[in-house]
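One-letter residues, chain by chain:
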Amino acid sequence: MVREMIVVHGNHHLEGEVRVSGAKNSALKLMAASLLGQGCTTLRNVPLISDISLMTSVLERLGARVTRDGHSMTIDTAPVNAFETPYELVSKMRASISVLGPLIGRFGEALVAMPGGCQIGARKIDMHLLGLESLGVHFAVEHGILHATTPEGLHGAHVTLDFPSVGATENLLMASVVAEGTTVIENAAREPEIEDLASMLNEMGAKVSGAGSSIIEIQGVPLESLHPCDHATVGDRIEAGTFLVGGALTGGPLTVTGINPAFLHMALMKLQAMGCSLECGDDWIRVSREEPLCPTDIQTLPHPGFPTDLQAQFMLLAACAEGTSIITENVFENRFMFAAELVRMGADIQIEDHHAIVRGVPELQGAPVSSTDLRAGGALVLAGIVAEGETKIYGVEHIDRGYEDYVGKLRSLGADIRRCPADDSDGRA
């Protein structure tokens, strides 16, 4: 496969309207949940990104038949007769661990390799395992493979999570919908993607209430009473936030459609604090700016706090503001790797433990940089748009994991940007 790079010539121009794709972090889990339906489930508004292709391979390895028609996907899970996911697939994408819950629910057993994914923190799965053990699951780990069994079946339980983990909440949801009795998940994750998953499970015949709050209650139903469904994925709030940051950087006006503004409440508050003007409708947000960017302080927290997946993009905004901002990363310990790449472009950023002190500079300069993870890659491309001269972004495969046609969408907004085969002249290919 030919390695590619993105080349941007800074023109300080992003203006117009762009529609976001379906949420990556929702679609992946909806695909996993289809295992419980034992038939043909149709998912709509599914993004065309590499993580979806990887999850497709995981489901196909289990025996499912998956077909795609644009942004619609049909998953026939009736033929699924295996409950083991191989390391070569799971190691490439952490979200693969989300098949653990539905496999346990369907077969009472699962063999799942320990997950991989972006190098932005340990992201251990202890809470997944402890929560599932409360439901009657037994775990053994051999040669890097988790072996889950349910010798006495699944039963309801009251589970309190140490931290509102999205992945743990999702796996508990997908296993507990077929557990005997009632399950309560306390300190549950509250992300919109959790609500989307619960909505699909209910459409399949499950009985889930309270999703979107910190306490979720699940009345277990027999596995045979679950059925396939037709479900549309919610819009991607992180993609929307990324484009809004682009509009804030250049002044816009830039309109993002296909997104519920409520999903981005905290990020929108920070955009306003930094001097941006916002207008919102039922499924759109418009950003514009005429005055210089103001500094602000940001702390990443689980939803409804400021999302860690927008931290890199807002660090870029802070780097272009007039004054000093402090960004505190409370979710993933390695997410500041992006800062070193931004410094290569002339940013003034000092890292102290899990704090970044960002002093705004008058201008960024084009430079060869590398994507350290998915969201950092998206931010580096935006940095190139407002930098002086040419920027080459390597590690495009990270961006492809979560942004559908990122270059095409930015070009439609006026960016001077292209994809091409990577060269090694800068030593970063």
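See above for the structure.
Here we summarise the structure given alongside this text. Every value quoted in this text rests on a predicted model; they were computed, and no experiment measured them.

**Structural notes on unusual backbone geometry**
Step number 1: Note that the residue after G252, namely P253, is joined by a cis bond; omega there is 0°.
Step number 2: The amide bond that connects H303 to the next residue, P304, takes the cis arrangement and shows omega of 15°.
Step number 3: By secondary structure assignment, the location of P304 is in the loop between strand 18 (298-299) and helix 10 (311-319).
Step number 4: For N45, which is not a glycine, the phi torsion comes out positive at approximately 60°.
Step number 5: Mapped onto the fold, N45 is located in the loop between strand 3 (40-44) and helix 2 (50-62).
Step number 6: By relative accessible area, which is 29% here, N45 ends up partly exposed.
Step number 7: Even without a glycine there, the phi angle at D405 is positive, about 45°.
Step number 8: Tracing the backbone through its elements, the reader meets D405 in the loop between helix 13 (396-400) and helix 14 (406-412).

**Quick look at the state of the cysteines**
Here a disulfide denotes a covalent bond joining the sulfur atom of one cysteine to the sulfur atom of another.
Step number 1: With the rule as written, the count across this model stands at 0 disulfides.
Step number 2: Between C229, a cysteine without a disulfide, and C40, which holds the nearest cysteine sulfur, the sulfur-to-sulfur distance is 12 Å.
Step number 3: For C229, a relative accessible area of 11% translates into the label buried.

**Some thoughts on the side chain of R289**
Step number 1: Along the chain, R289 turns up in the loop between strand 17 (284-288) and strand 18.
Step number 2: At 2.7 Å, the side chain of R289 and the backbone oxygen of E291 are in polar contact.

**Things to note about the nonpolar core**
Nonpolar side chains in soluble globular proteins tend to be buried together.
Step number 1: F314, M315, L342 and L410 are the most contacted members of the largest nonpolar core, which totals 71 residues.
Step number 2: With 9 residues, helix 12 (residues 374-386) is the single largest residue contributor to this core.
Step number 3: Once you skip the residues sitting within four places of it in the chain, L342 turns out to touch M315, L316, A319, A347, I349, L364, L380 and A383.
Step number 4: Listed in part, the 69 residues of the second largest apolar core include L100, M204, A206 and I216.

**What about the pairing of strand 8 (residues 138-142)?**
Step number 1: Note: strand 8 against strand 9 (residues 145-149), 5 bridges, orientation antiparallel. Looking across to strand 9, one finds that A140 is bridged to H147.

**Regarding helix 1 (residues 24-33)**
Step number 1: In terms of residue burial, helix 1 counts as a mostly covered element, since 9 of its 10 residues are buried.
Step number 2: Of all the residues in helix 1, the buried ones are K24, S26, A27, L28, K29, L30, M31, A32 and A33.

**Details of the environment of G235**
Step number 1: If you trace the backbone, G235 turns up in the loop between strand 14 (230-232) and helix 8 (237-250).
Step number 2: G235 sits in the buried class, given a relative accessible area of 10%.
Step number 3: Taking the C-alpha atoms as reference points, G235 and L374, separated by 139 residues in sequence, lie 18 Å from one another.
Step number 4: Those residues within four positions of G235 in sequence are excluded, and the remaining contacts are V20, S21, G22, A23, N45, G258, I259 and F263.

**Focus on the packing of helix 8 against helix 12**
Helix packing geometry: the angle between the two helix axes and the distance between the axes.
Step number 1: Running from amino to carboxyl end, helix 8 crosses helix 12 at an angle of 20°, the nearest separation of the two axes being 10 Å. Between helix 8 and helix 12, the crossing angle belongs to the class labelled roughly parallel. For the pair helix 8 and helix 12, the sense of crossing is right-handed. Residues I238, T242, V245, G246, L249 and T250 of helix 8 touch helix 12, and the partners they reach there are R375, L382, I385 and V386.
Step number 2: Of the residues belonging to the contact of helix 8 with helix 12, the class tally is 6 nonpolar, 3 polar and 1 charged.

**Things to note about the packing of helix 6 (residues 166-176) against helix 7 (residues 192-203)**
Step number 1: In contact at an axis separation of 11 Å, helix 6 and helix 7 are set at 10° when each is read in the N-to-C sense. Regarding the angle of helix 6 to helix 7, the classification is roughly parallel. Across the interface between the two elements, V166, T169, E170, L173 and M174 of helix 6 pack against I194, L197 and L201 of helix 7.
Step number 2: Residues belonging to the contact of helix 6 with helix 7 are distributed by class as follows: 6 nonpolar, 1 polar and 1 charged.

**Some details on the pattern of salt bridges**
Step number 1: Scanning the entire structure with this criterion turns up 12 salt bridges.
Step number 2: We note a salt bridge from E193 to R237, for which the minimum N-O separation is 2.9 Å. Of this pair, E193 sits in helix 7 while R237 sits in helix 8; the two residues are 44 residues apart in sequence, bridging distant segments of the chain. For the pair formed by E193 and R237, the shared burial category is buried.
Step number 3: One continuous salt-bridge network, built from bridges that share partners, spans E4, D400 and R419.

About the criteria used
- Residues numbered from 1 in each chain as written.
- Predicted model: local features only at pLDDT ≥ 70, side-chain atom pairs only at ≥ 80, totals over all residues.
- Heavy atoms only, no water.
- Helix = DSSP H or I, 4+ residues; strand = E, 2+ residues; numbered from the N terminus.
- Buried < 20%, exposed > 50% of the residue type's maximum accessible area, 1.4 Å probe, protein only.
- Disulfide = S-S within 2.5 Å.
- Polar contact = N/O pair within 3.5 Å; in protein donor to acceptor, adjacent residues only side chain to side chain.
- Core = buried A, V, L, I, M, F, W, Y, C linked by side-chain atoms within 4.5 Å.
- Contact = heavy atoms within 4.5 Å.
- Pairing = 2+ DSSP bridges.
- Axes fitted to C-alpha atoms, helices over the stretch in contact; angles between N-to-C directions.
- Parallel < 35°, antiparallel > 145°, perpendicular 65-115°, else oblique.
- Left-handed = near helix turned anticlockwise from the far one by under 90°.
- Nonpolar A, V, L, I, M, F, W, Y, C, P; charged D, E, K, R; others polar.
- Salt bridge = Lys/Arg side-chain N within 4 Å of Asp/Glu carboxyl O.

By themselves, these are just geometric observations and shouldn't be taken as functional.
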